[in-house]
Amino acid sequence: MDNAGTPPTEGGTARAQGLMARHRFDDLWVRAASGLFLAGTAVGALALGGWFFALFWLIAALGVNWEWQRLIGAPLPLLRVLAGAGLLIAAVVLFRVGRIEFAFLLALPVVGFLVWAAGPGFRLWAASGLFYAGGLLLSVLSLRHDPFFGACAIGWLFAVVWGTDVCAYFGGRLIGGPKLAPRISPGKTWSGFLVGISCGAALGAAAAHVWPNAQAPLGPVFVLGLAAGALAQAGDLFESWIKRRFGVKDASGLIPGHGGVMDRIDGFIAAAIFAALFGLWRGVPPSAAAGLFYWQ
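Described in the following lines is the structure provided in the data block. (Residues numbered from 1 in each chain as written. Predicted model: local features only at pLDDT ≥ 70, side-chain atom pairs only at ≥ 80, totals over all residues. Heavy atoms only, no water.)

Turning next to unusual backbone geometry. With a phi close to 50°, Leu 76 is a non-glycine residue in the positive phi region. Summarising the element assignment, Leu 76 is placed in the loop between helix 2 (50–71) and helix 3 (77–96). Not every positive phi belongs to a glycine, and Gln 215 is a case in point at roughly 45°. Tracing the sequence through the fold places Gln 215 in the loop between helix 7 (190–210) and helix 8 (218–246). (Helix = DSSP H or I, 4+ residues; strand = E, 2+ residues; numbered from the N terminus.)

Written out as structure tokens, the structure reads:
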């Protein structure tokens, strides 16, 4: 006899709820393990510097490039991924040998190819993905390049972005209130946003202030952290909007419990690009990183 239409018994309901709770608990452990592994690897690459640091972020940028070109669903995805990957690899090599200007020259034909290959309706999307991945890569390489302030700049970004992300999550859960952008990311609240950027800015300012040889002033770096944290949250919303635009839940399944590379570092990409551009705009020699912390 088919009992599919009968209501569940009390015991069946309890078992179902228990299985759901166990699934959420298991997923939490997977997310935590993946997050700790990635954070530890990022910190290790920062400490080692040089080619180790460049390789770590090249892999991240390649993942972003692959996910973006795959996500938009335009024609010839494999060729577009390979073209973008070739430019990103060339950019790292040229940056390390001090000839980054050639990477910008190479970008012209690669962007032209992506625009042609993607076809009508996807041309701008395909080109934007290359700038998104390349912006991340060149930003972190430019910031880390300074032998004096470089490590501090990346460490400050870690503190701001990770602090903002974690504190926004718990602040929103504990306080609640009006939604930040309900049509894009229903879980985000204004309370979480304000708590997150405040805590992230404070952690970043403290880290830069006690960093060996840097000792950046607390006030200006705290304000800078507020801006970077806000842009990190905006970067998270931007990636959520992209996924909604193309009807996908995650950018990929590369990272267990987190989805894809873009899902994990969307906020960091926005904050890193902002930090590099701001540091360069200040024009404090010798680098973008010095422009973040040298306020004498």
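Before going further, it helps to examine the environment of Leu 231. With respect to the secondary-structure elements, Leu 231 resides in helix 8. The class for Leu 231 is partly exposed, based on a relative accessible area of 34%. Between the C-alpha atoms of Leu 231 and Ala 272, which are 41 residues apart in sequence, the distance is 9.5 Å. For Leu 231, the residues in contact, after removing those within four places along its chain, are Ala 270 and Phe 274. (Buried < 20%, exposed > 50% of the residue type's maximum accessible area, 1.4 Å probe, protein only. Contact = heavy atoms within 4.5 Å.)

With that settled, consider the layout of surface pockets. Considering only enclosed or pocket space, the second largest pocket measures out at about 490 Å³ in volume. For the second largest pocket, the lining is made up of 24 residues, of which Phe 104, Gly 134, Gly 135, Leu 138 and Ser 139 are closest to its centre. Elements that contribute at least two residues to the lining of the second largest pocket include exactly helix 3, helix 4 (101–118), helix 5 (123–144) and helix 9 (261–282). When residues in the lining of the second largest pocket are grouped by element, the largest group, eight residues, is from helix 5. (1 Å grid on protein atoms, 1.4 Å probe; cavity = no way out; pocket = protein on both sides within 12 Å on 5 of 7 lines; lining within 4 Å. Points joined across faces, edges and corners; volume = space filled by probe spheres on them.)

Evaluation of the coordinates by the stated rule reveals five salt bridges. With a closest N to O distance of 3.6 Å, Glu 239 and Lys 243 form a salt bridge. Taken as a pair, Glu 239 and Lys 243 lie in helix 8 at a separation of four residues, close to a single helical turn. The residues Glu 239 and Lys 243 share a single accessibility class, namely buried. When salt bridges with common partners are traced through the structure, they connect Glu 239, Lys 243 and Asp 263 into a single cluster. (Salt bridge = Lys/Arg side-chain N within 4 Å of Asp/Glu carboxyl O.)

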